Each structure stands twice: as structure tokens, then as C-alpha cells.
Amino acid sequence: MSGLLRLAPLPGLALFCAPAFAEGGPLNLTHTAIGLFALALFALAYALVMAEEYLKLRKSKPVLVAAGIIWIVIGLVYAGQGLSPLAQAGFRQTLLEYAELMLFLLVAMTYVNAMEDRLLFAVLRVRLVQAGFSLRTLFWLTGFLAFFISPVVDNLTTALLMCSVVLNVANGERRFINLACINIVVAANAGGAFSPFGDITTLMVWQAGKVSFTQFLLLFLPALLNFLVPASLMSLMVPRLVPAMSGEALVLRRGALTIVLLFLLTIVTAVACHHFLALPPVLGMMTGLGYLQFFGFYLRKTQPVSLARERALYERTGDEARLLRLGSIVPFDVFNKIAKAEWDTLLFFYGVVMCVGGLGFMGYLALASQLLYQGGDPTLANVAIGLLSSLIDNIPVMFSVLSMEPQMSTGQWLLVTLTTGVGGSLLSIGSAAGVALMGQARGMYTFVGHLKWLPAILLGYMVGIGAHLWLNSALF
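Residues numbered from 1 in each chain as written. Predicted model: local features only at pLDDT ≥ 70, side-chain atom pairs only at ≥ 80, totals over all residues. Heavy atoms only, no water.

### Overview of unusual backbone geometry
Here is step 1: With a phi close to 60°, A278 is a non-glycine residue in the positive phi region.
Here is step 2: Summarising the element assignment, A278 is placed in the loop between helix 11 (256-276) and helix 12 (281-317).
Here is step 3: According to the relative accessible area criterion, A278 is exposed, its value standing at 66%.
Here is step 4: Even without a glycine there, the phi angle at E405 is positive, about 50°.
Here is step 5: Tracing the backbone through its elements, the reader meets E405 in the loop between helix 18 (394-404) and helix 19 (410-423). (Helix = DSSP H or I, 4+ residues; strand = E, 2+ residues; numbered from the N terminus. Buried < 20%, exposed > 50% of the residue type's maximum accessible area, 1.4 Å probe, protein only.)

### Section: the side chain of Q207
Here is step 1: You can see Q207 is positioned in helix 9 (residues 200-207).
Here is step 2: Since its relative accessible area comes to 15%, Q207 is described here as buried.
Here is step 3: Residue contacts for Q207: discarding those within four places in its chain leaves E100, L101, F104, P281 and V282. (Contact = heavy atoms within 4.5 Å.)

### Side note on the environment of L437
Here is step 1: Structurally, L437 is set in helix 20 (residues 432-440).
Here is step 2: Classification of L437 as buried rests on a relative accessible area of 0%.
Here is step 3: Beyond its immediate chain neighbours, meaning those up to four positions away, L437 contacts A159, L160, C163, C181, I184, V185 and Y445.

### Points about the environment of L48
Here is step 1: Note that L48 resides in helix 1 (residues 33-50).
Here is step 2: Judged by relative accessible area, L48 falls into the partly exposed class, the value being 30%.
Here is step 3: The spacing of L48 and P62 is 14 residues in sequence and 6.7 Å in space, taken between C-alpha atoms.
Here is step 4: Dropping the residues within four chain positions of it, L48 is found in contact with L55 and P62.

### Things to note about helix 15 (residues 343-362)
Here is step 1: If you check helix 15, its first and last C-alpha atoms are 28 Å apart, about what 20 residues at 1.5 Å a residue would give, namely 28 Å.
Here is step 2: Count one or two residues on from helix 15 and you reach G363, which has phi positive near 110°. (Expected span 1.5 Å × (residues − 1).)

### A word on the packing of aromatic side chains
Here is step 1: Applying the stated criterion across every chain, the model contains 20 aromatic pairs.
Here is step 2: Note on F104 and W206: the rings are 6.3 Å apart at their centroids and 85° apart in plane angle, and the pair reads as edge-to-face. Of the two residues, F104 is situated in helix 4 (residues 84-117) and W206 in helix 9; the sequence distance between them amounts to 102 residues.
Here is step 3: A centroid spacing of 5.7 Å and a plane angle of 20° characterise the contact between F147 and F227, whose relative ring orientation is stacked. Taken together, the residues F147 in helix 6 (residues 135-149) and F227 in helix 10 (residues 220-235) connect sequence positions 80 residues apart.
Here is step 4: Through a chain of ring-to-ring contacts, three or more aromatic side chains come together here, namely F139, W140, F144, F147, F148, F194, F220 and F227. (Phe/Tyr/Trp six-rings, centres within 6.5 Å; stacked < 30°, edge-to-face > 60°.)

### Describing the environment of N28
Here is step 1: With respect to the helices, strands and loops of the structure, N28 is situated in the segment before helix 1.
Here is step 2: Along the primary structure N28 and Y364 are separated by 336 residues, whereas in three dimensions their C-alpha atoms are 8.5 Å apart.
Here is step 3: Among the polar contacts made by the side chain of N28, one reaches the side chain of T30 at a distance of 2.7 Å. (Polar contact = N/O pair within 3.5 Å; in protein donor to acceptor, adjacent residues only side chain to side chain.)

### Considering the nonpolar core
Here is step 1: F176 and F349 are the most contacted members of the largest nonpolar core, which has 135 residues in total.
Here is step 2: It is helix 4 that provides the largest number of residues to this core, a total of 14 residues.
Here is step 3: Every residue in contact with F349, bar those within four places of it in the chain, is listed here: Y98, L101, L105, I200, M204 and I395. (Core = buried A, V, L, I, M, F, W, Y, C linked by side-chain atoms within 4.5 Å.)

Structure, rendered in C-alpha cells:
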């Protein structure tokens, strides 16, 4: 297609569609009534997403409907111009980008659910509760665990696990619970920023080829400072009380540690496919799902033998520990773990990607890229994008940046990865971890309680950015 194309009025849309133009590519609909309608529809859908906690409306619903309407409108416009293949190609390209990320996330969620089923996280929680630490020690311990677990297990799951520990030991200490939850949210988001597996946004940057797997590690110190600065200030307000210990007894279910090793092998496979073969990481992750399926088959086939062996040992020795071991030999079905994946999150992700992809196809992302990056300072733009992610979920923010394809150095791509990852910590509604913990610790960890510590968290945000600009200056 060459030259300028003017949209002819479509049947039923004559009063709705203003002229639009294109040069050798998709039609520019940014200044048409249809384009403005799509933009307003996305804004409305996202307003409903932000009000999820109050409306009790799952966040996937509004964006799924908005995505469908946006692409239907695009299809009508292009059909009226005889350009349906162009719209079809644009939709398929956006869908392919989502499919790769969705399958990757599905495997990761399945492994996390499998580890949860084998009581890995429950045993960790019980041992932390029974250790007899003071509240201040637990404040630091849960923060550091959140920071170092979230790069491997996503920040949402990590935050929920650490919050469970806090709620079990706090004995209703509201001030401690609020401070500990803020610390966990900041730590989990910071830890997720220096690993492709720590957050959906880092995964998107890695799969887009903007930053290599090892280059994410350059964000370790900036992310650590982002966590340590507010944590140091908040810890001064945490009492040194020692809570009462719990008498709960748990053991890992059969196969727990092997599943952890298989997850690590899956990560290695995904990285190797991407680094050495230039194939999408999702290939390695889906292969890793096969590892888990074979191991599930092994557990199922050998369960009777394991039960008989443990029962014989218990009857011979009378050891109570053997009784616990006997109870740990339970069936395992990998498809149950797939079913328990965060499907609302995956469908929300689909809706966001398709909405943003549709707006980009209309020309809005190119327009935004010109305003943010062309002729301006990309550092300021990337810092501002991080601040924006405290109000708007970082998934659409990062997908928009990637779709704009601004010409930036590796240092700038690392910067926007850091800011979108940790910017959500500024407000309790700025990240999935914060929203989830407000529900888990309802009435004790609140929006206002988090807001009181905004200056400390913002100081950590700026210190982390400054550390990156200084330590990784050679990449800019």
C-alpha cells in the first residue's frame, strides 16, 4: 500500500468515523472519533481494574471486553477500506507476543503451585514461626527472604508467603503487621526487578531481546538499595518483642525437593534455548513442563510402594516422625496444578496486551513515543514511567514502552526495567503484591498506612536509580 489513503465512511459508522491517513502501513486513527473512542474505552476499562478491590469485579473482565471491542472497531474500519489482511496481520502479531508470554507464565505458575502442593512454602512458614525470633528480626528476615525468593518465584507468590508468616507470629500487632507488609511489598518488587523470572515486566523485556539474561544482574545493587533504604527507616519503629511460638508440625511431601530441582533445570533449559539457539525461552519452559509431567507420572506409579515401606517402618519403630512421613505420601496430578494457575491474571494480561496492541495499531504508541523519547531526555522519561506505574499496573506500562520501540541504550532499558518494577511499591495499589496483601491482612495493612511511608519509599526509589546511573554508566 502506498500513498495516502482516506477512510471512506463505513455502513453504520458514517457519523462516527472521521478521515484517517496512512503511508505504507496501518492507518493512522489517532485523530479520529473511532480512535478517541478506543482510547476512552481503554481508560474506562482500566478505571474498573483499579477499582477491583471495591467493586469485587475481577480485573480480567473489563479489559477482555475492551480488547474485543477495540479490535472489532479496527476490523470494521479496515474492512471498509479493503485492508482486512493488514488488520488481521496486526492482530496475529499481537496475539503471538501474548501467547509466548502466557505459556511461559503458565509453566512458572504450575511449578509454583506444585511446590505449594508439596508444602514447601508451608514448611518454610512453620519453621520461621517456630524459630523464636523477635519482631524486628522477623521484619528483616521476611524482607530479605522476599527480596531473594522473588527473583525465582514471582513477587506476588513471595509476598503472600511472607505475609502469611507475619500474620502467624504478630499476635494482632497492627503496627508491626503494617510495617512488615510494606517492607515485604517493597522487597518483593525490588527482588523481582533484577531477574527475568521475578516479574512479568522483566520477562517481557528479556523475551523482547532488549536485555540479556546476565545483564539483569547489573540491577542487583540498585534494587537492593531500593529495598534497604526504606527498610532501615521503618525498622526503627518495629518493637523488639518476641512472639509466642507455634506447636504446628509439618514435613515436606514426597517429591518436594525434586520439583525444586526440576524447576531450576527448566530455567536453565529456557535460558540455554534463548542464549545459545536464539529460540524463544518459552520453548525451554514448555519442555520443563514435560519434566514435571514425567515426574508426576513417577510419583503416581511408585506411590503404593512408598506407602507400604513407610507404613512398615512406622509399625516396626512406632516413631511419630514416620507417621508424618506416611502422611506426606499423597497423589500428585500436574493438571490440577495447571488448573490452579492465576487464570484471572493470565486473562487480564491478554486483555491488556490486546488493548495496548490495538491502540498501538491505531498509532497512539508512536505518538506517545514522540512525546516521551524524541527530543527529550530518556532518563527523565524512564523515571516518570516508573512513577506512573505506582498508579497504573506495570504490565500495560511496560508493554506500551516495548511497543513504542524507542531507540535506547542497554543502560536505559535496564533503567526502565528497574523503575517499572519498583515504582509500583510507592503506593499499595501500584503492584499486584500490594493489592494482594491488602486483602490478606485486611484492616491491618491499608492504603493509608502504606501512604504514610511514601517519602521513605520514594527516597529508596531515587537512591536505586542513582546507583544504577553511577554503577552502570558505561552502558548509557
